[in-house]
Amino acid sequence: MAASDIVARLSRAVLFNGLDPEDLTRLAGIARELSLQNGGTLFDQGDESDGLYVIVSGIIRIYLTADDSREATINLLEDGEIIGEMALLDGLPRSAGAAALTDVKLIFIPRDPFMELLDTSRKLARQIILTLCERLRAANAQVDQAIFHDLRHRLLVLLRQLAIIHGQVDAEVAVVDLDLTQGTLAQMLGASREAVNKQLRALAKEGRIQMDGPRIRVFRTVKK
């Protein structure tokens, strides 16, 4: 990828949106391209932070690992999104793991030169603050869903969110066009696969959703 292409990719990322051209050029000068095959691990929870990643194409699964090796998927990130900004800023080990849900292309920006740029760019510092605020709001919303709503409600909300981010939405139906297993949905909801399967079958029977292979349609009104 040419330096101009890297600059263009970085400028579309939320974290770097609005940066001066010279700052983007400096970032492109320290960046390098990476590829990851479907199922490959980008980093594990607890790994040392060596930099952050910008997703160029594909989907990355963010997950937590328990002491008994169980995993819980907490987020799915796609083109233009940033991975690893928290550990990059505080220098502590990775708070979660990241793995490819599809074939992925990324741009990697190493920590030390990034921090040097951060010290000299007020716009970049402001974007960092806004990104962290967005992450905190999303975490608060997840806690709200987990505490105050049942599995059925949380499943419908998750499917609609996935349709907005990784599918399509119109006035009547939200379409999740993503090859997710029921196990992955269960991890994202903090529930068992069996419980999620039961809810999916019940929602399909009621006409609230329609499952067609990896595609799930979520209807605003019940389909008879």
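The shown structure was predicted, so the numbers you read here are calculated from the model rather than taken from an experiment.

Comments concerning the overall build of the protein chain
Then step 1. Helices and strands together make up the secondary structure of the protein chain, namely eight helices and twelve strands.
Then step 2. Taken along its principal axes, the extent of the C-alpha atoms in the protein chain is 60 × 40 × 30 Å.
Then step 3. Considering only contacts within the protein chain whose residues lie at least 6 apart along the sequence, 68% involve residues at least 24 apart.
Then step 4. If you sum the accessible surface of the protein chain, you get close to 12200 Å²; carbon and sulfur atoms cover 50% of it.

Observations concerning the sheet that holds strand β10 (residues 173-177)
Then step 1. Taken in spatial order, the four strands make up an open sheet running β9-β10-β12-β11, and their pairing is antiparallel. Both edges of this open sheet fall to β9 (167-169) and β11 (209-212), since each of them pairs with a single strand only. Each adjacent strand pair in this sheet contributes to an overall mean axis angle of 10°, direction not counted.
Then step 2. Bridge analysis of β10 against strand β12 (residues 215-219) gives five bridges, and the strand direction is antiparallel. Among the inter-strand pairings, Ala-174 is bridged to a residue of β12, identified as Val-218.
Then step 3. Helix α6 (residues 151-166) rests against β9, β10, β11 and β12 of the sheet, and its axis sits at about 105° to β9.

Some points on the packing of aromatic side chains
Then step 1. Enumeration over the complete set of coordinates arrives at three aromatic pairs.
Then step 2. When the ring of Tyr-53 is compared with that of Phe-108, the centres are 4.9 Å apart and the planes differ by 45°; the resulting orientation is tilted. You can see Tyr-53 sitting in strand β3 (residues 51-57) and its partner Phe-108 sitting in strand β8 (residues 104-110), a full 55 residues away along the chain. For the pair Tyr-53 and Phe-108, a shared accessibility class is recorded, and that class is buried.

Side note on the confidence of the model for the protein chain
Then step 1. Mean pLDDT over the protein chain: 85, with 93% of residues reaching 70 or higher.
Then step 2. Mean pLDDT in the protein chain bottoms out at helix α5 (residues 122-148), which sits at 74, and peaks at strand β2 (residues 41-43), which reaches 95.

Points about the pairing of strand β5 (residues 71-77)
Then step 1. Note: strand β4 (residues 60-65) against β5, six bridges, orientation antiparallel. Opposite Leu-64, over in β5, you have Ala-72 as the bridge partner.
Then step 2. Following β4, the chain reverses through five residues before pairing antiparallel with β5; Ser-69 in that reversal takes a positive phi of roughly 80°.

Here's the deal with helix α4 (residues 111-120)
Then step 1. Within α4, burial applies to Phe-114, Leu-117 and Leu-118. For α4, the buried positions fall inside an angular range of 105° around the axis, keeping them on one side. Exposed side of α4, more than 90 degrees from the buried face: Asp-112, Glu-116, Asp-119 and Thr-120 are the residues found there.

Here's the deal with the sheet that holds β8
Within a sheet, adjacent strands bond to each other through the backbone by hydrogen bonds, running parallel or antiparallel.
Then step 1. Taken together, the four strands give an open sheet; going across it, the order is β1-β8-β3-β6, and neighbouring strands pair in antiparallel fashion. In this open sheet, the two strands that pair with only one neighbour each are β1 (32-36) and β6 (82-83).
Then step 2. Sheet analysis places β1 next to β8, joined by five bridges and oriented antiparallel. Its bridge partner being in β8, Arg-32 is matched across the sheet by Phe-108.
Then step 3. Strand contacts of helix α1 (residues 3-12): β3 and β8, with the helix running at about 90° to β8, the strand carrying the most contacts.

A word on the nonpolar core
Then step 1. One finds Leu-76, Leu-159, Leu-162, Leu-185 and Ile-209 to be the most contacted residues of the largest nonpolar core, which totals 24 residues.
Then step 2. Listing elements by their share of this core, those giving two or more residues are α6, β10, α7 (182-189), α8 (193-206) and β12.
Then step 3. Broken down by element, the residue count for this core peaks at seven residues, all from α6.
Then step 4. Filtering out sequence-adjacent residues up to four positions away, Leu-162 remains in contact with Leu-76, Gly-167, Val-176, Leu-180, Leu-185 and Met-188.
Then step 5. Among the nonpolar cores identified, the runner-up in size contains 22 residues, and Ala-13, Leu-24, Ile-82 and Ile-109 belong to it.

Here we look at a nonpolar patch on the surface
Then step 1. On the surface, a cluster of nonpolar side chains totalling about 280 Å² of accessible area is made up of Ile-164, Ile-165 and Val-169.
Then step 2. Structurally, Ile-164 can be placed in helix α6.
Then step 3. Classification of Ile-164 by relative accessible area gives exposed; the value is 62%.

Scoring rules and cut-offs
- Residues numbered from 1 in each chain as written.
- Predicted model: local features only at pLDDT ≥ 70, side-chain atom pairs only at ≥ 80, totals over all residues.
- Heavy atoms only, no water.
- Helix = DSSP H or I, 4+ residues; strand = E, 2+ residues; numbered from the N terminus.
- Contact = heavy atoms within 4.5 Å.
- Areas by Shrake-Rupley, 256 points an atom, 1.4 Å probe, with all protein chains shown as cover.
- Pairing = 2+ DSSP bridges.
- Axes fitted to C-alpha atoms, helices over the stretch in contact; angles between N-to-C directions.
- Phe/Tyr/Trp six-rings, centres within 6.5 Å; stacked < 30°, edge-to-face > 60°.
- Buried < 20%, exposed > 50% of the residue type's maximum accessible area, 1.4 Å probe, protein only.
- pLDDT = per-residue confidence, 0-100.
- Arc of directions from axis to C-beta.
- Core = buried A, V, L, I, M, F, W, Y, C linked by side-chain atoms within 4.5 Å.
- Patch = residues over 30% accessible without salt bridge, like charges linked within 9 Å, V, L, I, M, F, W, Y side chains within 5 Å.
- Salt bridge = Lys/Arg side-chain N within 4 Å of Asp/Glu carboxyl O.

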